[in-house]
Amino acid sequence: MTRVVCPGSFDPITNGHLDIVERASFLFDEVIVVVLVNENKSGLFPIERRLELIREATTEMENVSVDSYSGLLVDYCAQNDVQAIVKGLRAVSDFDYELQMAQMNGNLTGIDTVFIPTAPDYTFIASSLVKEVARHGGDVDGLVPKHVLAALDEAYGH
Ligand code: PNS
């Protein structure tokens, strides 16, 4: 059985993330979406809320579960018998940093990272941009699930 993680900040989860999670769920037996807690980054949504939003978005995906962790991703993987890390790659600009992280993680415990190319329709989507547009009242419909859209409206008081 192959268990993998899709790690990230997911502040909030976007349709781009979901596409990667769903495709990973077709490729592997079990997928855990892990929200990593970054103490240096105060996000828009508290971790518990991010988890709720992810849970609601993945209810139909039977082999997908959701978790959070504060610490090194490789430690989470070792503690939870995870065989590989799955990451989406949007563009060449993602590649430098993603390769560096994949190699660092590999160096730490030998864990491998599998890259899945983002679907062309989602290449420009990033949580940070979605938040910026939503904050100013711009239209992010179609970039995030409907319940995330509602959560963004609520967070920004629209
Ligand atoms: O969605 P993001 O912010 O691009 O995800 C980055 C994330 C959370 C996957 C990365 O920062 C991470 O793995 N953080 C956990 C701490 C860790 O293991 N750091 C070493 C990475 S080589």
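See the structure printed just above.
These figures come from a predicted structure and were not determined experimentally.

Peer 1: What should I look at first to understand the packing of aromatic side chains in this one?
Peer 2: Aromatic ring pairs: the centre-centre distance and the angle between the two ring planes describe each pair. Tallied over the entire structure, the rule returns 2 aromatic pairs. Ring geometry for Tyr69 versus Tyr76: centroids 5.3 Å apart, planes at 65°, classification edge-to-face. Here the two residues Tyr69 and Tyr76 agree in accessibility, since each one is buried.

Peer 1: Would you explain the site of the ligand in this entry?
Peer 2: Every residue near the ligand is listed here: Pro7, Gly8, Ser9, Leu36, Lys41, Gly71, Leu72, Leu73, Lys87, Met101, Met104 and Asn105. The backbone of Leu73 places a nitrogen or oxygen atom 2.8 Å from an oxygen atom of the ligand. When isolated, the ligand has an accessible area of 550 Å², and the protein chains bury 70% of it. Looking at the shell around the ligand, the elements that each hand over two or more residues are strand 1 (3–8) and helix 4 (92–109). For the shell around the ligand, the element with the highest residue contribution is helix 4, accounting for 3 residues. Counted by class, the shell around the ligand contains 6 nonpolar, 4 polar and 2 charged residues.

Peer 1: Where do I start with helix 1 (residues 15–27) in this structure?
Peer 2: Side chains of residues three or four places apart in an α-helix project in the same direction, reflecting 3.6 residues per turn. Compared with the 18 Å implied by 1.5 Å per residue over 13 residues, the 18 Å span of helix 1 between its first and last C-alpha is a close match. Every buried residue of helix 1 is listed here: Asn15, Gly16, Leu18, Asp19, Ile20, Val21, Ala24 and Ser25. In this fold, the buried residues of helix 1 make contact with strand 1, strand 2 (30–36), helix 2 (47–57), strand 3 (64–69), strand 4 (84–89) and strand 5 (112–117). With a side-chain oxygen lying 3.2 Å from the backbone nitrogen of Gly16, the N-terminal cap of helix 1 falls on Thr14.

Peer 1: Got a minute to help me understand the pairing of strand 5 in this structure?
Peer 2: As paired elements, strand 4 and strand 5 share 6 bridges and run parallel to each other. Bridged to Leu89 within strand 5 is Pro117. Handedness of the crossover joining strand 4 and strand 5 through helix 4 is recorded here as right-handed.

About the cut-offs
Residues numbered from 1 in each chain as written. Predicted model: local features only at pLDDT ≥ 70, side-chain atom pairs only at ≥ 80, totals over all residues. Heavy atoms only, no water. Phe/Tyr/Trp six-rings, centres within 6.5 Å; stacked < 30°, edge-to-face > 60°. Buried < 20%, exposed > 50% of the residue type's maximum accessible area, 1.4 Å probe, protein only. Near = heavy atom within 4 Å. Polar contact = N/O pair within 3.5 Å; in protein donor to acceptor, adjacent residues only side chain to side chain. Areas by Shrake-Rupley, 256 points an atom, 1.4 Å probe, with all protein chains shown as cover. Helix = DSSP H or I, 4+ residues; strand = E, 2+ residues; numbered from the N terminus. Nonpolar A, V, L, I, M, F, W, Y, C, P; charged D, E, K, R; others polar. Expected span 1.5 Å × (residues − 1). Contact = heavy atoms within 4.5 Å. Pairing = 2+ DSSP bridges. Right-handed = clockwise from strand over helix to strand, strands pointing away.

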